[in-house]
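Each chain, letter by letter, is given below.
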Amino acid sequence: MNKNKINWVAVLTMMFLFGMISFVTNLAAPIGTIWKQAPGIEGSNFWGMMGNMMNFLAYLFMGLPAGRLITKFGYKKSTLMGVGIGFFGVLIQFLSGKIGVGATLAGLPANFFVYLLGAFVCGFSVCILNTVVNPMLNLLGGGGNRGNQLVQIGGTFNSLMGTITPMLVGALIGTVTAQTQIADVNTVLFIAMGVFAATFVVLTFVPFVEPEQAAGADHKVKDLLKYPQLVFGVIAIFLYVGVEVGIPGTLNFYLTDTLGTANAATVAGFVAGTYWFLMLIGRFVSSFISGKVSSRVQLATTSGVAVIFVIAAMFSTGVQASMPVFTGSGFEMVQVPLTALLLVLCGLCTSVMWGAIFNLAVEGLGAYTALASGLFMMMVVGGGVLPLVQNAIADGAGYMVSYWVPVAALAYICWFALMGSKVRK
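The rules behind these values
- Residues numbered from 1 in each chain as written.
- Predicted model: local features only at pLDDT ≥ 70, side-chain atom pairs only at ≥ 80, totals over all residues.
- Heavy atoms only, no water.
- Salt bridge = Lys/Arg side-chain N within 4 Å of Asp/Glu carboxyl O.
- Helix = DSSP H or I, 4+ residues; strand = E, 2+ residues; numbered from the N terminus.
- pLDDT = per-residue confidence, 0-100.
- Expected span 1.5 Å × (residues − 1).
- Buried < 20%, exposed > 50% of the residue type's maximum accessible area, 1.4 Å probe, protein only.
- Contact = heavy atoms within 4.5 Å.
- Disulfide = S-S within 2.5 Å.

Before going further, it helps to examine the pattern of salt bridges. A side chain of one charge can pair with a side chain of the opposite charge if their charged atoms are brought near each other. With the rule as written, the count across this model stands at 2 salt bridges. The closest approach of N and O atoms between D257 and K36, which form a salt bridge, is 2.8 Å. Placement of the pair is D257 in helix α8 (residues 228–258) and K36 in the loop between α2 (28–35) and α3 (45–48), with a sequence separation of 221 residues. The residue E244 makes a salt bridge to R283 at a minimum N-O spacing of 3.8 Å. Of this pair, E244 sits in helix α8 while R283 sits in helix α9 (residues 264–289); the two residues are 39 residues apart in sequence, bridging distant segments of the chain.

Moving on: the confidence of the model for the protein chain. Predicted confidence across the protein chain gives a mean pLDDT of 83, with 87% of residues reaching 70 or more. Within the protein chain, helix α6 (residues 144–173) has the poorest average pLDDT of any element, 72, and helix α16 (residues 404–420) the best, 96.

Right, let's get into helix α14 (residues 382–397). For α14, built from 16 residues, the straight-helix expectation of 22 Å at 1.5 Å per residue is met to within 8% by its first-to-last C-alpha distance of 22 Å. Within the span of α14, buried status applies to G382, G383, G384, L386, P387, L388, Q390, N391 and A394. Taken together, the buried residues of α14 touch α3, α4 (50–95), α8, α15 (399–402) and α16.

It is worth spelling out the state of the cysteines at this point. Summed over the entire model, instances satisfying the criterion amount to 0 disulfides. Free of any disulfide, C346 has its nearest neighbouring cysteine sulfur in C349, separated by 5.7 Å. For C346, a relative accessible area of 0% corresponds to the buried category. Of the residues examined, C349 reaches a relative accessible area of 5% and is grouped as buried.

Following this line, the structure appears as structure tokens:
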């Protein structure tokens with residue numbers, strides 16, 4: 001591909017898809033605040049986080065097949081498949097407000113299972129799009145520093161949508177009661193379906209220069225086990241995605257339950273969105289310093305600082321702080337627990353972890369790198385598993401006790417940066 005001439009239409013399309021990935025993924029936690037108040041669920045954080053779990057569970061099944069899909073059909077057709085699947089996933093979530101309403105199944109609302117199916121289908125979509133977008137941005141930039149720069153910019157837009165989504169949904173939800181229904185956020189679902197439909201039409205006419213697909217050796221996943229740094233890195237990425245999602249997702253539930261105001265869901269959504277905004281800032285800054293500061297130093301420092309932030313948050317629940325928050329009618333200085341501010345600051349730390357872990361884990365893999373990338377995509381399922389575990393603990397022992405889960409995960413990531421990532425011969 002010509003490194004001097006960039007197809008900016010294709011680049012902007014990939015950037016937009018990067019944002020869509022975050023938009024769809026971050027619908028789960030704020031919508032979960034509605035489901036956890038439904039009859040039969042009645043305040044269970046475990047079930048409230050189940051939509052998020054189903055979204056990420058799809059990665060476990062689609063991680064490796066998504067790479068093979070690109071090999072067989074190419075980037076453009078694979079992207080169209082991902083967008084089309086995403087449309088139907090959101091449509092199923094919309095139908096959960098129409099089908100099975102008022103009925104129960106296994107003691108839970110019947111339409112809740114329709115919603116979970118929609119979240120699972122959306123997970124297939126974002127997994128395919130994730131597998132397409134990262135390498136395509138790198139290829140469109142011609143590889144090297146320019147390609148990496150496009151990936152970093154795409155990640156920044158991804159964080160921007162992650163910031164907006166919980167704020168938007170929180171503002172639309174307003175006050176959450178047992179009478180609040182999934183249909184009350186139909187506006188968001190209509191927007192999502194419209195965006196998927198429009199993107200499908202636009203992509204159909206966007207010219208794609210399909211990169212040549214190199215014929216790789218017949219590697220198998222078991223061949224990767226001889227690289228300890230990769231094995232440790234795969235565990236680290238599983239834990240990292242769980243931390244990235246679990247910290248703001250559980251914070252959203254915590255504030256919705258404890259603020260005690262009529263607009264608690266709106267405030268909680270905005271505070272959780274601030275976490276993703278700080279991830280945006282962190283990724284933007286990282287795009288300038290990554291050429292000078294090693295991945296090992298960045299990962300060890302940020303994971304260590306994040307451990308301090310989370311532990312400090314767990315023991316500062318009685319202290320109040322002020323922050324600017326959108327309350328539904330405008331921005332105001334609102335009193336929130338200092339705990340919330342400390343957890344939000346973790347967004348600066350988690351912003352650089354994915355790239356740093358991947359970079360350290362695949363060092364020295366050579367021809368095995370492509371297969372390792374598919375394995376990494378499978379481990380994104382950690383974004384569903386860890387928050388589910390954390391919220392199950394929150395149900396039984398309280399929100400703050402549940403944050404020992406991300407503390408343990410961050411401690412492992414710090415160990416991986418300092419010791420586990422060393423290449424063994």
